[in-house]
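Report on the structure
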Amino acid sequence: MIGYLLVEKIENKHIGGILVINDLGIPVEFKYSEPITPTKLQEIIYGNSLEYFLHVEIIAKGLVQKLENRPELILVNDPNLIFDKSIVMLTILPQIVPEKKENNEAIINVNNSSIRMTFQENSKIDENIIQKIADTATKIDIIEPFDRIERALEYVCESPEK
């Protein structure tokens, strides 16, 4: 199972969701945070750190802790959300580039595209995670679940009934 974690700001609301899928891309679990609208006082007190605090410390970590089905790895599209060794940032590169594995980054080529994986700072690149991502990318569009979460979060923010 692979998890997808997305936290974003929609209008003035901060919200996040985590989707766990099986190897075929079928949802196993979905959790989301309630939209958070910071007060003016919070904006003043937290200053530039408000978004990081809300997105990582409150929303992302809270969602991961609430999971009932712990995935083998969690993919994110924001480097700030890499707060755990099982979390990897995934980026599809616009053109095919040479494969590499160095520092906390790996690039692999799958299905005529290059996938960049960024791991937690000062952590060893996990070959099992790289292989899991490569295998999954041959079966499904590895980035598409982020779109599902984004649409679900937009729905939650605009819908009075969930």
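Structure shown above.
Okay, so let's go over this structure. None of the values given here were measured: they were computed from a predicted structure.

Cut-offs applied
Residues numbered from 1 in each chain as written. Predicted model: local features only at pLDDT ≥ 70, side-chain atom pairs only at ≥ 80, totals over all residues. Heavy atoms only, no water. Helix = DSSP H or I, 4+ residues; strand = E, 2+ residues; numbered from the N terminus. Buried < 20%, exposed > 50% of the residue type's maximum accessible area, 1.4 Å probe, protein only. Polar contact = N/O pair within 3.5 Å; in protein donor to acceptor, adjacent residues only side chain to side chain. Contact = heavy atoms within 4.5 Å. Expected span 1.5 Å × (residues − 1). Salt bridge = Lys/Arg side-chain N within 4 Å of Asp/Glu carboxyl O.

All right, on to the side chain of glutamate 29 then. Its place among the elements puts glutamate 29 in strand 3 (residues 27–32). Residue classification places glutamate 29 among the buried residues on the basis of a relative accessible area of 8%. At a separation of 3.5 Å, a polar atom in the side chain of glutamate 29 contacts the side chain of lysine 31. If we skip the residues at most four places from it in the chain, glutamate 29 touches Ile18, Leu19, Val20, Lys66, Leu67, Glu68 and Asn69.

Taking 1.5 Å as the rise per residue, helix 3 (residues 127–139) with 13 residues should run 18 Å; its terminal C-alpha atoms sit 19 Å apart, in good agreement. When we look at burial in helix 3, the residues that qualify are Ile129, Ile130, Lys132, Ile133, Ala134, Thr136 and Ala137. Buried positions along helix 3 lie against strand 1 (2–10), strand 4 (73–76), strand 5 (87–93), strand 6 (100–102), strand 7 (105–110) and strand 8 (113–118).

In this section: the pattern of salt bridges. Applying the stated criterion across every chain yields a total of 12 salt bridges. Here lysine 31 and glutamate 68 are joined by a salt bridge, their closest N and O atoms 3.5 Å apart. Residue lysine 31 is located in strand 3, and its partner glutamate 68 is located in the loop between helix 2 (50–66) and strand 4; the two are separated by 37 residues in the primary sequence. Since its relative accessible area comes to 65%, glutamate 68 is described here as exposed. A salt bridge links arginine 148 to glutamate 144, with the nearest nitrogen and oxygen atoms 3.0 Å apart. A residue pair is termed a helical-turn pair when its members lie 3 or 4 positions apart in one helix, as arginine 148 and glutamate 144 do in helix 4 (residues 144–158) at four residues. For arginine 148, a relative accessible area of 23% puts it in the partly exposed group.

Everything listed is a geometric property; what it means functionally is a separate question.
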